[in-house]
Amino acid sequence: MRILIVRVSSLGDVVHNLPVLADIHRHYPDAVIDWVVEEPYVGLVRQNRHVNDVIPFALRRWRKHVFSSETRQEFRRFLNHLKKQSYDYVFDTQGLIKTGIVLGFSRTVPGGKKIGLAHKTDGSGYEPLSRIFHDQSISVEKHIHVVTRSREVIAKALGYTLDTPPDFGLVTPDVTPEWLPEHPYAVFFHGTSRASKKWPHACWTEVGHLLARSGLRILLPWGSPDEKKDAEVLAQSIPGASVLPRLTITDMVTLTGKAAFIVGVDTGLSHLAAAFDKPTVQIYCNIPRWRTCCDWSPNVISLGGENEVPTLDDVRNAVLTLLPKVGT
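Note that the coordinates shown come from a computational prediction; the quantities given were computed from them, not determined experimentally.

## Things to note about the environment of K156
Moving on, step 1. For K156, the position within the fold is in helix α7 (residues 146–158).
Moving on, step 2. For the pair K156 and W204, spaced 48 residues apart in the sequence, the C-alpha separation amounts to 43 Å.
Moving on, step 3. Apart from the residues within four sequence positions on either side, K156 is in contact with I138, S139 and V140.
Moving on, step 4. Within the structure, K156 has its side chain in polar contact with the backbone oxygen of S139 (distance 2.8 Å).

## Looking at a nonpolar patch on the surface
Moving on, step 1. On the surface, I97, I101, F105, L129 and I132 cluster together into a nonpolar patch covering about 420 Å² of accessible area.
Moving on, step 2. Within the element layout of this structure, F105 appears in helix α6 (residues 97–105).

## A word on the sheet that holds strand β3 (residues 54–57)
Moving on, step 1. Taken in spatial order, the six strands make up an open sheet running β3-β2-β1-β4-β5-β6, and their pairing is parallel. Bordering the open sheet on either side are β3 and β6 (136–138), each of which pairs with just one other strand. Put simply, the sheet's adjacent strands are angled 20° from each other on average, direction ignored.
Moving on, step 2. The pairing of strand β1 (residues 2–6) with strand β2 (residues 32–38) spans five bridges and is parallel. Opposite R2, over in β2, you have V32 as the bridge partner.
Moving on, step 3. Seen against the sheet, α7 touches β1, β4 (86–92), β5 (107–117) and β6 and runs at an angle of roughly 140° to β4.

What counts, and at which threshold
- Residues numbered from 1 in each chain as written.
- Predicted model: local features only at pLDDT ≥ 70, side-chain atom pairs only at ≥ 80, totals over all residues.
- Heavy atoms only, no water.
- Helix = DSSP H or I, 4+ residues; strand = E, 2+ residues; numbered from the N terminus.
- Contact = heavy atoms within 4.5 Å.
- Polar contact = N/O pair within 3.5 Å; in protein donor to acceptor, adjacent residues only side chain to side chain.
- Patch = residues over 30% accessible without salt bridge, like charges linked within 9 Å, V, L, I, M, F, W, Y side chains within 5 Å.
- Areas by Shrake-Rupley, 256 points an atom, 1.4 Å probe, with all protein chains shown as cover.
- Salt bridge = Lys/Arg side-chain N within 4 Å of Asp/Glu carboxyl O.
- Pairing = 2+ DSSP bridges.
- Axes fitted to C-alpha atoms, helices over the stretch in contact; angles between N-to-C directions.

Given below as structure tokens:
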């Protein structure tokens, strides 16, 4: 059986879709699974032990130069890569027009099916027009966790029942960049593009002191000039903390996979930490927690939620609960 997954972005959505690969292989061990994903996330998907081929999709970049000859050439190369194989099943687990179009361009064997989500679920992005590219549209509960949603779409199509916790199948990269310390470290994923997701600087500082006293060096990544400024402020107030250079998503996978401890707000990076099953505290600040939190692992504690910002004591207690798991 040859299967294609179309889930192109964003980081959190790609992470939350990873367990479908282990599910398929558990029930169909000989399945060959390819994946179409936006080019920044190729390195992440390739760290999954169940994936065969990863097909880069560069729509975000192509949109900036839509009429250039280089863009047209790249798009033709993408189509050639996409159509190189014919699939028994092609799954669009994102439900957007752009993913539906990729579904439409893909090839199936005689009797093969192109399958997607039949409707919007609570809190998700969904474009009903995407259904025109489906041979089959799968219904799931409308109030459903994002990880379960993708898993159920494929389970229903392939005829098996979900009976295990999600397995993200990630392998820690076997590289040690020069910016990565040799001794154990904790990572603060403090940055976010939405002010409502931020947690106070003073609270980050207190938690940083706690982890530093436990022998962990605090590493502070960033993804924008404002996040870099925030990281520099935190580094000045936390003993031994370091601001990292600007990292790619692939670098972030390495950083997360080798970390001893993670504290992060609701971003794709804290969900990546949960996917690696690292000791992780997820901080939801006035954001619904039920839809994306990690509720399947004792190594992850998710705090806060809609109309609820975790207190310093909440996070400190969670850190103390998880610290004994460091190195186990």
